[in-house]
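Notes for the structure review
Here is what each chain is made of, one letter per residue.
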Amino acid sequence: MAEQDQGAGTAIDYAEVLRRIPHRYPFLLVDRAEDYVASTSITGIKNVTFNEPFFPGHFPIDPVMPGVLIVEAMAQTGAVLMSKSLEVDVSNKVIMFMSIDNVRFRRPARPGDQLRMKVEVTRARKDAYKFRGETFIDGKLAAEAEFMAMAVTVADEA
């Protein structure tokens, strides 16, 4: 692993996020990341805009980002951490969400908010990681969860 990947504060721009995970619009929920420390922690950033595809139905008069998508944003942040830490070859592996526990929602996310998803590895074993994630809006806790993911080989279609 490169020396720069070892230190705190390493940033991951949108182009690297796109190289690290397969998600795309309308389901890509991480714009960039910072504070990457290999196999340890990362902070994902999602800028919530009024143009999100879920707002017209959730809810037209008082738009709120669905909580399940906040959890998905934490999971995608963990996937970026795993992908970079394990140097996952995304052409033949995908990081799959395995479990979720102890989810709590503290405050809603609305257009104009910036989600800061702080994700820490609590356990790592080969291609499986367990995480604890917290999402903050304006420095206040908005959601938290524990979740697990695994790097899985993609089936070759022949």
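1. As for the sheet that holds strand β2 (residues 32–37)
Reading across the sheet, the seven strands line up as β1-β2-β3-β5-β6-β7-β4 and stay open at both edges, with antiparallel pairing between neighbours. Edge positions in the sheet fall to β1 (10–12) and β4 (93–105), since each has one partner strand and no second. Adjacent strand axes in the sheet meet at a mean angle of 25° when their direction is disregarded. Two elements, strand β5 (residues 114–125) and strand β6 (residues 128–137), share 10 bridges in a ladder whose sense is antiparallel. Bridged to Met117 within β6 is Thr135.

2. Some thoughts on the environment of Val30
Looking at the element boundaries, Val30 is found in the loop between α2 (14–20) and β2. Relative accessible area serves as the criterion here: at 2%, Val30 is assigned to the buried category. A C-alpha to C-alpha distance of 9.1 Å links Val30 and Met117, two positions 87 residues apart in sequence. In contact with Val30, other than residues within four places in its own chain, are Val17, Gly44, Ile45, Ala73, Gln76, Thr77 and Met117.

3. So, empty space enclosed by the protein
The tally for this structure, following the rule as stated, stands at one cavity of 30 Å³ or more. Here the largest cavity defines a volume of roughly 30 Å³. Lining the largest cavity we find Arg20, Ile21, Pro22, Val88, Val90, Lys93, Val94 and Ile95. The residue makeup of the lining of the largest cavity, split by class, is six nonpolar, no polar and two charged.

Thresholds applied
- Residues numbered from 1 in each chain as written.
- Predicted model: local features only at pLDDT ≥ 70, side-chain atom pairs only at ≥ 80, totals over all residues.
- Heavy atoms only, no water.
- Pairing = 2+ DSSP bridges.
- Helix = DSSP H or I, 4+ residues; strand = E, 2+ residues; numbered from the N terminus.
- Axes fitted to C-alpha atoms, helices over the stretch in contact; angles between N-to-C directions.
- Buried < 20%, exposed > 50% of the residue type's maximum accessible area, 1.4 Å probe, protein only.
- Contact = heavy atoms within 4.5 Å.
- 1 Å grid on protein atoms, 1.4 Å probe; cavity = no way out; pocket = protein on both sides within 12 Å on 5 of 7 lines; lining within 4 Å.
- Points joined across faces, edges and corners; volume = space filled by probe spheres on them.
- Nonpolar A, V, L, I, M, F, W, Y, C, P; charged D, E, K, R; others polar.

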